[in-house]
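These are the residues of each chain, in order.
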Amino acid sequence: MSEGRKVIAENRKARFDYFIEDTYECGVELQGTEVKSVKSGSMSFPDGFAEIVNGEIWVKNVHISEYSYSSIFNHDPDRPKKLLLHKEEIKRLTRKVEEKGYTLIPLEFYLKNGRVKVSLGVCKGKKQFDKRATIKDRDVKRDLQREFSQRLKG
């Protein structure tokens, strides 16, 4: 098995739309063909979210495409997936999500020692002016980098 961490998919839109307060590493309960599809990188989750139901965390709106080399016994691409966390972590997340404005967003899917993991963020939504400030900061940083590289070149 491969050592280390290999990012499969990242939710860049979540970092733009939300303030990320805290992150948790979760395992995912997947079926066989889902694992093969995830490892090949055929998944998307721009509007994915997690929900706590009966003491279990389920991630929804995560699309894992059907595995192309499978038989007719393939998985449902849009089924909710169960996240694997300790009970204490789930209780802590439940208390945090019950506060006004907090939600659970999957930030990235990655392989860690051959197993599929999810980085789950406890997020608070940004307002429109916060998003504009983020764009402005990004543009300023890009301009400074461009100016710095121009001075290095001479």
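Here, the structure is the one placed above.
To keep things clear, this report deals only with the structure shown in the data block. Not measured: the values here are computed from a predicted model.

**Things to note about the overall build of the chain**
When helices and strands are tallied, the chain shows four helices and nine strands. Listed by position from the N terminus, the elements making up the chain come as β-α-β-α-β-β-β-β-β-α-β-β-α. Sequence-distant contacts, at least 24 apart, represent 68% of the contacts inside the chain between residues at least 6 apart. Put simply, the chain shows about 10300 Å² of open surface, and 49% of that area lies on carbon and sulfur atoms.

**Points about the side chain of Ser 119**
Within the secondary structure layout, Ser 119 lies in strand E9 (residues 115-125). The class of Ser 119 is buried, set by a relative accessible area of 11%. When neighbours within four sequence positions are excluded, Ser 119 is seen to be in contact with Thr 23, Tyr 24, Ile 105, Pro 106, Leu 107, Glu 108 and Tyr 110.

**So, the pattern of salt bridges**
Taken as a whole, this structure holds twelve salt bridges when the rule is applied. Between Glu 34 and Lys 81 there is a salt bridge, with the nearest N and O atoms lying 3.9 Å from each other. Of this pair, Glu 34 sits in helix H2 (residues 32-40) while Lys 81 sits in strand E7 (residues 81-84), and the two are 47 residues apart along the sequence. Relative accessible area serves as the criterion here: at 0%, Glu 34 is assigned to the buried category. Lys 81 sits in the buried class, given a relative accessible area of 1%. One salt bridge in this structure joins Glu 88 and Lys 91, with 3.9 Å as the shortest N-O distance. Here Lys 91 and Glu 88 lie together in helix H3 (residues 87-97), a separation of three residues that amounts to about one turn.

**A closer look at the packing of aromatic side chains**
According to the stated counting rule, one finds one aromatic pair in the structure shown. Cation over ring: Arg 5 sits above Tyr 110, and NZ or CZ is 3.9 Å from the ring centre. In this structure, Lys 96 packs its charged tip against the face of Tyr 102, placed 4.8 Å from the ring centre.

**Topic: the environment of Val 97**
Following the sequence through the fold, Val 97 ends up in helix H3. With 57 residues separating them along the chain, Val 97 and Ser 40 place their C-alpha atoms 33 Å apart. Once you skip the residues sitting within four places of it in the chain, Val 97 turns out to touch Tyr 102 and Leu 104.

**Re the nonpolar core**
Most often, soluble globular proteins have nonpolar side chains that are buried together. Ranked by size, the top nonpolar core spans 25 residues in total, and within it Met 43, Ile 57, Val 62, Leu 83, Leu 93, Phe 109 and Leu 120 carry the most contacts. The set of elements that each furnish at least two residues to this core consists of strand E1 (5-10), strand E2 (18-29), strand E5 (56-60), H3, strand E8 (102-112) and E9. The residues contacting Ile 57, other than those within four sequence positions of it, are Ala 50, Glu 51, Ile 52, Lys 81, Lys 82, Leu 83, Leu 85, Ile 90, Leu 93 and Leu 120.

Calculation notes
- Residues numbered from 1 in each chain as written.
- Predicted model: local features only at pLDDT ≥ 70, side-chain atom pairs only at ≥ 80, totals over all residues.
- Heavy atoms only, no water.
- Helix = DSSP H or I, 4+ residues; strand = E, 2+ residues; numbered from the N terminus.
- Contact = heavy atoms within 4.5 Å.
- Areas by Shrake-Rupley, 256 points an atom, 1.4 Å probe, with all protein chains shown as cover.
- Buried < 20%, exposed > 50% of the residue type's maximum accessible area, 1.4 Å probe, protein only.
- Salt bridge = Lys/Arg side-chain N within 4 Å of Asp/Glu carboxyl O.
- Phe/Tyr/Trp six-rings, centres within 6.5 Å; stacked < 30°, edge-to-face > 60°.
- Lys NZ or Arg CZ within 6 Å of the ring centre and 35° of its normal.
- Core = buried A, V, L, I, M, F, W, Y, C linked by side-chain atoms within 4.5 Å.

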